[in-house]
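What follows is the residue order along each chain.
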Amino acid sequence: MANDPAAPAARIVRCPICGKSTRYDQTNPDRPFCSSRCKTMDIAQWADENYRVPAKPDYGEEEEDFPRVKDDEDD
């Protein structure tokens, strides 16, 4: 398949861990990473909770869990 002229050219991307240029196609089983080492390092970052997805706080279902909003009658 590598010598197939009808096959699309592979995209070259930067490894998210080390920044090395790497192929993003089926010949690279570790894509988008350049190696299994970088892939493992990324998994370790997630496991150590170094990557986080921002979220709004969960106040639960109880009324007392919600922050109190001051209204005009509280003056």
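Residues numbered from 1 in each chain as written. Predicted model: local features only at pLDDT ≥ 70, side-chain atom pairs only at ≥ 80, totals over all residues. Heavy atoms only, no water.

Concerning the pattern of salt bridges
Using the criterion set out here, one finds two salt bridges in the structure. With a closest N to O distance of 2.8 Å, Asp-25 and Arg-23 form a salt bridge. The buried category is assigned to Asp-25, whose relative accessible area is 18%. Judged by its relative accessible area of 41%, Arg-23 is partly exposed. Glu-49 is paired through a salt bridge with Arg-52; the nearest N and O atoms lie 3.6 Å apart. In this pair, the class of Glu-49 matches that of Arg-52, namely exposed. (Salt bridge = Lys/Arg side-chain N within 4 Å of Asp/Glu carboxyl O. Buried < 20%, exposed > 50% of the residue type's maximum accessible area, 1.4 Å probe, protein only.)

Details of the environment of Arg-11
As for its position among the elements, Arg-11 is in strand E1 (residues 11-14). We classify Arg-11 as exposed; its relative accessible area is 55%. Taking the C-alpha atoms as reference points, Arg-11 and Tyr-24, 13 residues apart in sequence, are found 5.3 Å from one another. In contact with Arg-11, not counting residues within four places along its chain, are Thr-22, Arg-23 and Tyr-24. (Helix = DSSP H or I, 4+ residues; strand = E, 2+ residues; numbered from the N terminus. Contact = heavy atoms within 4.5 Å.)

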